[in-house]
Structure formats: structure tokens, C-alpha cells
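One letter stands for each residue in the lines below.
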Amino acid sequence: MNTPILDGVRVFDLSIVTAGAGCTQVLADFGAEIIKIESATKPDLFRGWYQPNTTEGDLDGSGFRTVNRNKKAFGVDLKNPEGLAVAKRLIAECDVVVENYRQGVLARLGLGFDELVKIKPDIVLVSVASQGTTGPDSRYGSFGSPLDALGGSMSVTGYDEAHPLWSSQQVNYPDQTASILGPALIVLGIRAARAAGEARWIDISQREIVTALLPEAVLNSSLGGADPIPQCNRGYDSLEWATACAGEDNWLAVSLTDEADRAELAKAVGAQDTVDDDALIEAVDRWSRTRPRAEAAGELQRLGIAAAPVMRGFELRDDGYFQDIGYFQTVEREGHDPELQRGWIVRFDDNADAGAISRRAPHIGEHTAEIMTDMLGYTVAEVQQLSDSGAITYPADSLQLAH
Amino acid sequence: MAPTMKALLEPSIRVVELGESLAGSYCGRLLQQLGAGVTAVEPTRRSRLRSMPPRLPGSDVSATYTALTEGKRIVRADFDQPAGRASIEELLAGADVVIMSGTLREWEERALSPADVRRLAPTAVVGRVTTFGDVGPYAQWAGGELQAQALGGLMNMIGEPDAEPIRIGGYPAQYSTGLALLAGISLGLFRKDNAGRGSSFSTSVIETVAHMEWKTAQTYAQEGKIAVRGWRQDPPLILPCRDGFFAFFYLPHDWDVVRKVVQDPRLDDERFSTQPLRQENRDELVAVLTEFTLRHNKVDLYHLTQAHRMTTGYVASISDLFADRQYLSRGFFDDVETPGFGPAKLPGAPWRWVAAPAPQPQEGQVA
């Protein structure tokens, strides 16, 4: 078996929720050693979010378990001077620090870029920030969703101009895009720092990512074109909509790009009028209402018409494509049956390079004791003393287990 | 010390784009913004990208094509012509990164499979992207952005519970897949540095969409709970204001801040005292808050509420963004020259970096 791609990369991971922790999930999937930093009093908020159950303690949150798989956890109070000293010893052993705090928090903790460089001269600091680390609004907070509004995506999303919509809390598009671009920039940052033998601070603006993904709209508006507006499911210049199918809340997404498509579709659904959009849509709706969405999609696809069922996320687990590529991954759980989690960001052809999941998400401080003794060289007595003073935390029996 | 630089790649990195897709082309644009030299191979006839809407104002020229090819070298060559073939093979021989758009079957028909590309460019990172995959039920399907957002589960969660599910506007699924391609390429370059060898990977737009809308599958897996549109409506509210719309986001524990900002005694009412009650009396709450928001402009509301540490946003049109103080301060937009159309703007790179030189060893110390 080949060595994982990111073998030997060690990350001091202060990131929380999805935008940050999703970035380091990708790094962990490809073999980086991610050490998740939390304190007992300020754990990652995400531990209790998204349909938490009440049987797994600090692993109740189902979303948390996905974005923190393959990570180790280190419990340390960064506001405690002894805790901060421990953290600095750990940073000296790391290649990367990732954070998505509100701007200014890291520097106030005494872990700003200038301080980090003193601890580790070729450190890579990555700040996944709502609006970047500079500028008058850099200290403004967000939980992802408002960035749909601030980045311009909401101005093109919604039923019509009077009903702009965000991507929903469930999707939280600005958090997802950051967690896909983030790992790329972190890896490129490590390459650059190693090549130059000097530190790098990478600033990622989640808001700017949202706008960056609208390049044609920006170009057109800058040339005096009208700003695009929400127009339901229509594309920039094509007739597109979702039509209801048999059953409850089942939909088919249909796109017509040219006259030939319109004529084919009209024939298939028995529409008299192919010119009037509303008449055609109505005829298709009548046709689809009695058909299951997969069947309707198949019928239209056989005619070369772009049509696809609107799938529910959980249905993908039984979907032919996602099964064929082995997308969903089985992950162990404590006291429960294993669960399925999302797969890899991309699939490497050489299987041994692809991601692997070797451990479930960690409890708070689950690996503190072993990292303290094995990596940082503290004695068991010192570890106990630091725990007694509240500087570090670990589950009750883990110090014995570490030794 | 503030991050201002954008090129994280050495300028000697050479990228070749083969085949055409929005995902592949957007990834190439990101690599160009990162400092690499990017060459896009374009067919001599019927370029798909050149037909992607929208058009530049008052013209037939694709704005999408123009935006995505900024800063790239374009080579027009056909796979099935000997001269085109030769120039493509020459490009591949010097490539560090190859982005291939299209299914395995399409590339085999062109007699240029990913394995062929690996032979021609043995140390390159080869990333390949399809819309619906190479295998499985959708491989030969027709469709684009809307179908990908539908199949990957994203659309299902956006919109009102009793109405048509809707897409995110623009090409977010395909461009996000460009981000995923970049993640794969970065991993491949990292390995090329360390192990000295190339690698290849693939992805699809529907996989990236599933990666983004991962919570529904996860939630169901654990609890058997089925997420439906609008099921977590509280507390974000999208309210009209004097000049547009305002994203009025507050956390339940911020309620006192909301009362302080809005200063309307009706909000002190028992009916709004807890989050479940505010959800129950949502229509009345919206009515009171809307009276407030309608008295203000969206940008003013944004700064007013953020000053109280509420995590709000204003619904920015594209033109609003050109005047946004944060974007102006960071110089986010790039000024470009669009031939025949004059000066224009494109989104700049959504990242910056700064270096800190390693401290010099003191006299008498061994470096």
C-alpha cells in the first residue's frame, strides 16, 4: 500500500463547525494528522448540532461526526497561561494552523501570525474568515448563510425578484464552498512554505468565494448589463423548471435549450401549443403528475431532453451511480451500528492514494494524554499537574491508557 | 503584516485544459489566478464554452467564456486532425497539470484516454471531470446545471415546503466542482513534490453536489429523520427594506439584542419571549420587524445590526458589490480589458497570502 498523500503533515486545528472543520476533514481523509484543539468549557459548537441524539455525549451531533472523522482531539484552555504554553509546544511540532474564529480572536489569544512565526519559522497559518482578515468589515460575524446575501448569490436565487432566497441553513452554500476550496489552498500553502523555507499566512474570504463563483454575472454587470435577478429554475436564457410527479413532493427538473427540444417535448406530452411557455409547462405538468419521477426522467432522456429527478440527499445512498463509485463510507460509532458518511472530495485512480477512514470523530481531548507524553515529552506527573490546574483536559482514563 | 499576494504556485507550473466544461475551465481560471501558466485547448469548430449564456451586453459573445478564459493561452486544435494531435501531444509533454473534461467513453473515442495522457505526461497530475459520471444510470444523460443540482440532492432543500424546489442561480454546482478539481490537483502536486510521480483522479458534478448537501443523508442515517424544504426556517428571516432585501439573521440568545436594535415595545410581548413562541407567532413577528426594516436602507441596516454583533447581511445585487466598502478596501475585483467591450471587472482571487521570512540566525549561532 502506498503512503497516504499527506502523510507527515501535522495540523494544529482550531477550526470549528463546517467551513473550517470541513477543510481539515479533507486533509484528514488524505492522511494528514489533524489535532483538533478545544477546551472543555468551549468545545466546537457543532458537537451538539444537526439532529443531535442524547446517547453519544459530545459526539451527539451527526454533522460533527462527519467533518471531524480521522482527527485527534487535544483539550487545552488557551486562556490559561500554562495551557497556552502547552499549545505553543504543540504548534512547534505542527506544519499548519487552521482557524475560523471571528477576526481578532487569534491575536488576542497570543497566537497571531507574528507569534506563530516565532514558534515555528515555516508555519502555514490559514484563516478561513467570513470576509477576510483585512478591511473595515473583517470583524463582522456570520454563520455562513448571510454570506449568500452579501456575496450576491441571493440576488440570483429565489422564486422571483420579490422573493430572493438563501441556500437554506441545511445547505449553507457559503460554508460548503469554503470547505472545498480551503483544503486546496492549505496544501498549496504547505508546498510554498516548504519550497521557500518561510512562513505563509493565507487569508480566505468566504464572502469573496460566493462572488467569485458568479464570474459571468460580474463581467456583464461591470459592462453595464442588467443585474441578473432570481427567476426560479430558469437558466440565463433557457426555459427550465421543476414539474410535479406522482407521489408526495416528487419533482422532475426539466431544461429546454432549443426549438428542437421544445418540439420533442410537446409531442411527447401531447401539447398543442409549443410557442407559449406557460401552455407548454402546463401540458408537461399534466403529463408528469401521474408518472413516478424516475420513469418520467427516463422517458424524456430517451428523447434527448435534459430532465432529472430531484433527489433527496438520503436517497443517494441507494442510487445506482453513488453505489457504483462506492461513494458513501462506513464509519464506526460508539455504542451504535456503524453509519454511512459522505465520501472523498475526488477519487484517485490508484486506490491506495484515495482517502481512508481509520477513526471516528474524537471526544473532547481524547488524545491529549498520548500527545502530551509521546509527542511533546511531558512526564505523567506533569500531565496530571496541568490537568489539575485546568490547563489541559482529557477523558478520565486516557492518561492510564496512554501509558 | 497583512496578506495581499495571490500567486501561491510557481510560474513554471504549466496547466493544459483538454475538452470543455464549466468545471474544468473554472479550475483552469483558479490555477491562472494562483500564478500558473494555463493553456486551454479549444476545438476549431463548435466550442461548447463559446455558446454558454449569458452573452455580453448587446452581443453574441459568451460572457461565461470570456470570464473563464481570462489570462489563459488558447490553442485551437482538433483531436482527430494530425496537426491538432501533434500540437496537443507537444503541450502534454510539458504539462504539470492536465484537466480533462468528458467521460471515459468520449476520451476513448478520441483515442486519448487518461492512460494515454499519463503516458504522454508521466509526472503530471491528471484530473478528469464529468457531469454525471462514467458509470451508473446517468452516464449518457443530457443535462447541465439544473439536472446536477437536482440529482445531487441540493435543489430538494431550497425553496418553500409546498412549492417547486429551486436551484441556486448561476452555475454554482459546476463551478464548485472546479473547486473540487483544484483540491485534487493540489493533492497531486503535493505528491509530485514528495514522491516525484504523477497521479490521476476523477470526479463528477453530481458528486460535488452531494458533497455540498451532505447533511440530509447524514441526518437520515442517524435518526431516520427526513429533511424537507423549510424545515429549519427559524431564525433567518429575509425582510424587505427601503431599497431591497435584508437577511435578518439572529441567534435565539441574541433576542435581547434584536429588541435593543429594533426598539419596538411590541417585541417585549410574551408571545415573542422564547424561540418556540417566536416561531409559533412568526407572521406577527415578521410584521413588526418589517415595519422597522422598511424604514431603513439595506446597507445601513447591515452596519447597524452588525455593530450590535448580529450576524446579518444585506441582499447585494451584483452592482451593489462594486460599491461595497469591504470589497473596495480589499481590492477584490480585478480590472480587465474585454476586447471590443472596453474596461470591465472580474472577481479576483478569494484568497490572499503574506510571507514571513524565517528569522536570521544570530551571530555565533549555527543555522
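Residues numbered from 1 in each chain as written. Chains lettered and ligands numbered in written order. Predicted model: local features only at pLDDT ≥ 70, side-chain atom pairs only at ≥ 80, totals over all residues. Heavy atoms only, no water.

- By the naming in an unreviewed UniProt entry, chain B goes by CoA transferase and is assigned to Actinomadura physcomitrii.

- An unreviewed UniProt entry lists chain A under the name CoA transferase, from Actinomadura physcomitrii.
- What UniProt states about chain A under its Sequence similarities (unreviewed entry) heading is, verbatim, "Belongs to the CoA-transferase III family." (UniProt positions renumbered as here; feature names shortened; annotations may be inferred.)

1. Describing the interface of chain B and chain A
Point 1. Contact residues are listed per partner, giving 148 residues for chain B and 150 residues for chain A.
Point 2. Summing the contributions of chain B and of chain A, the shared interface buries around 13200 Å²; its carbon and sulfur component is 64%.
Point 3. When the buried area of chain B at its contact with chain A is split by residue, Phe190, His211 and Trp214 of chain B rank highest and sum to 6% of it.
Point 4. Counting every contact that joins chain B to chain A gives ten salt bridges.
Point 5. In this structure, the salt-bridge partner of Glu208 of chain A is Arg352 of chain B, at a minimum N-O distance of 3.0 Å.
Point 6. A per-element tally of the side of chain B that touches chain A places helix α7 (residues 172-195) of chain B first, with 16 residues.
Point 7. For the side of chain B that touches chain A, a count of residues per class yields 86 nonpolar, 40 polar and 22 charged.
Point 8. Sheet topology places strand β12 (residues 347-348) of chain A next to strand β6 (residues 199-204) of chain B; two bridges connect them, and they run antiparallel. (Contact = heavy atoms within 4.5 Å. Buried area = accessible area lost by both parts, 1.4 Å probe. Salt bridge = Lys/Arg side-chain N within 4 Å of Asp/Glu carboxyl O. Helix = DSSP H or I, 4+ residues; strand = E, 2+ residues; numbered from the N terminus. Nonpolar A, V, L, I, M, F, W, Y, C, P; charged D, E, K, R; others polar. Pairing = 2+ DSSP bridges.)

2. Quick word on the domain arrangement of chain B
Point 1. Split into domains, chain B comes out as domain 1 (14-215) and domain 2 (237-315).
Point 2. Each of domain 1 of chain B and domain 2 of chain B has a C-alpha centre, and the two are 42 Å apart. (Domains from an automatic or database assignment.)

3. What to know about the domain arrangement of chain A
Point 1. Examined at the domain level, chain A breaks down into domain 1 (10-212 + 327-402) and domain 2 (239-314).
Point 2. Of note, the centres of domain 1 of chain A and domain 2 of chain A, computed from C-alpha atoms alone, are 43 Å apart.

4. Concerning the nonpolar core
Point 1. Membership of the largest hydrophobic core comes to 160 residues, with the highest contact counts inside it found for Leu6 of chain A together with Leu31 and Phe248 of chain B.
Point 2. At twelve residues, helix α8 (residues 173-196) of chain A tops the list of elements feeding residues into this core.
Point 3. Counting 37 residues, the second largest nonpolar core, distinct from the first, contains Val76, Ala369, Tyr378 and Leu386 of chain A. (Core = buried A, V, L, I, M, F, W, Y, C linked by side-chain atoms within 4.5 Å. Buried < 20%, exposed > 50% of the residue type's maximum accessible area, 1.4 Å probe, protein only.)

5. Here's the deal with the packing of α7 of chain B against helix α8 (residues 205-212) of chain B
All names here are of chain B.
Point 1. Following both chains from N to C, one finds α7 and α8 inclined at 90°, their axes separated by 9 Å at the closest point. For the element pair α7 / α8, the angle class is roughly perpendicular. Touching Pro172, Ala173, Gln174, Ser176, Thr177 and Ala180 of α7 are Val205, Thr208, Val209 and Met212, all from α8. (Axes fitted to C-alpha atoms, helices over the stretch in contact; angles between N-to-C directions. Parallel < 35°, antiparallel > 145°, perpendicular 65-115°, else oblique.)

6. With respect to the environment of Leu78 of chain A
Residues and elements named next belong to chain A.
Point 1. Turning to its location among the elements, Leu78 is positioned in the loop between β3 (71-76) and α3 (81-91).
Point 2. Considered as a pair, Leu78 and Gly132 are 54 residues apart in the sequence and their alpha carbons are 23 Å apart.
Point 3. Ignoring any residue separated from it by four or fewer positions in sequence, one finds Leu78 in contact with Leu14, Ile37, Leu84, Ala87, Tyr101, Leu109 and Leu111.

7. Re the sheet that holds strand β7 (residues 239-244) of chain A
Residue and element names in this part refer to chain A.
Point 1. If you trace the three strands from one edge of the open sheet to the other, you get β7-β8-β9, paired in antiparallel fashion. Where the open sheet ends on each side, the last strands, each with one partner, are β7 and β9 (306-309). The sheet shows a mean angle of 15° between the axes of neighbouring strands, direction not considered.
Point 2. The sheet contacts of helix α11 (residues 259-269) involve β7 and β8 (251-256), and relative to β8 the element is tilted by about 135°.
Point 3. Set on the sheet, helix α12 (residues 277-288) makes contact with β7 and β8; between it and β7 the angle comes to about 30°.

8. Concerning the environment of Thr311 of chain B
Point 1. Mapping Thr311 of chain B onto the fold places it in the loop between α13 (298-307) and β9 (313-314).
Point 2. A residue is classified by how much of its surface remains accessible, and Thr311 of chain B, at 3% relative accessible area, is buried.
Point 3. Sequence-wise, Thr311 of chain B and Asp254 of chain B are 57 residues apart; in three dimensions their C-alpha atoms are separated by 9.8 Å.
Point 4. Those residues in contact with Thr311 of chain B that lie beyond four places of it in its chain are Arg102, Gly141, Ser142, Phe143 and Pro146 of chain A together with Phe249 and Gln306 of chain B.

9. Examining the packing of helix α10 (residues 255-262) of chain B against helix α12 (residues 282-293) of chain B
When two helices pack together, their arrangement is given by the angle between their axes and by how far apart the axes lie.
Residue and element names in this part refer to chain B.
Point 1. Direction vectors running N to C along α10 and α12 enclose 45°, while the axes themselves pass 10 Å from each other. Judged by the inter-axis angle, α10 sits oblique to α12. In contact with Trp255, Val258, Val261 and Val262 of α10, α12 contributes Leu285, Leu289 and Phe292.
Point 2. A breakdown of the residues in the contact of α10 with α12 according to their chemical character gives seven nonpolar, no polar and no charged.

10. Digging into the pairing of β8 of chain A
Both faces of the sheet carry side chains from a regular strand, because those side chains alternate between them.
All names here are of chain A.
Point 1. By the criterion of burial, β8 is predominantly enclosed, with six of the six residues buried.
Point 2. Judged from the six bridges that link them, β7 and β8 form a sheet pairing that is antiparallel. Bridge assignment links Ala244 to a residue of β8, and that residue is Trp251.
Point 3. Linking β7 to β8, which pair antiparallel, is a turn of six residues; within it Gly247 sits at a positive phi near 95°.
Point 4. Here β8 pairs with β9 via four bridges, running antiparallel. If you follow Ala253 over to β9, its bridge partner there is Ala308.

11. Considerations on the packing of aromatic side chains
Point 1. Tallied over the full model, the rule gives 22 aromatic pairs over all chains.
Point 2. Ring centres of Trp166 of chain A and Phe249 of chain B lie 6.3 Å apart, and the angle between their planes is 70°; this geometry places the pair in the edge-to-face category. Placement of Trp166 of chain A in the loop between α6 (146-150) and α7 (168-171) and of Phe249 of chain B in the loop between β8 (244-248) and α10 is noted, with the two residues assigned to different chains. For the residue pair Trp166 of chain A and Phe249 of chain B, the accessibility class agrees, reading buried in each case.
Point 3. Geometrically, the ring pair formed by Phe348 of chain A and Phe201 of chain B is tilted, given 5.2 Å between the ring centres and 45° between the ring planes. Residue Phe348 of chain A is found in strand β12, and its partner Phe201 of chain B is found in strand β6; the two belong to separate chains.
Point 4. Note on Phe348 of chain A: relative accessible area 3%, which makes it buried.
Point 5. Taken together, the aromatic side chains of Tyr236 of chain A together with Tyr26, Tyr171 and Tyr175 of chain B make up a single cluster linked through ring pairs.
Point 6. Geometry around Tyr378 of chain A places Arg89 of chain A over its ring, the cationic atom sitting 3.9 Å from the centre.
Point 7. When the ring centre of Trp107 of chain B is taken as origin, the NZ or CZ atom of Arg110 of chain B, which lies over that ring, is 4.4 Å away. (Phe/Tyr/Trp six-rings, centres within 6.5 Å; stacked < 30°, edge-to-face > 60°. Lys NZ or Arg CZ within 6 Å of the ring centre and 35° of its normal.)

12. Quick look at α8 of chain B
Point 1. Counting buried positions along α8 of chain B yields eight of eight residues, so the element is predominantly enclosed.
Point 2. For α8 of chain B, every residue scored as buried is listed here: Val205, Ile206, Glu207, Thr208, Val209, Ala210, His211 and Met212 of chain B.

13. Structural notes on the sheet that holds strand β7 (residues 237-241) of chain B
Residues and elements named next belong to chain B.
Point 1. Strands sit in the order β7-β8-β9 across an open sheet of three strands; the sheet is antiparallel. Where the open sheet ends on each side, the last strands, each with one partner, are β7 and β9.
Point 2. In terms of strand pairing, β8 meets β9 through two bridges, oriented antiparallel. Looking at the pairing, Ala247 lines up with Gly313 of β9.
Point 3. Contacts from α12 reach β7 and β8, with the element oriented near 40° to β7.

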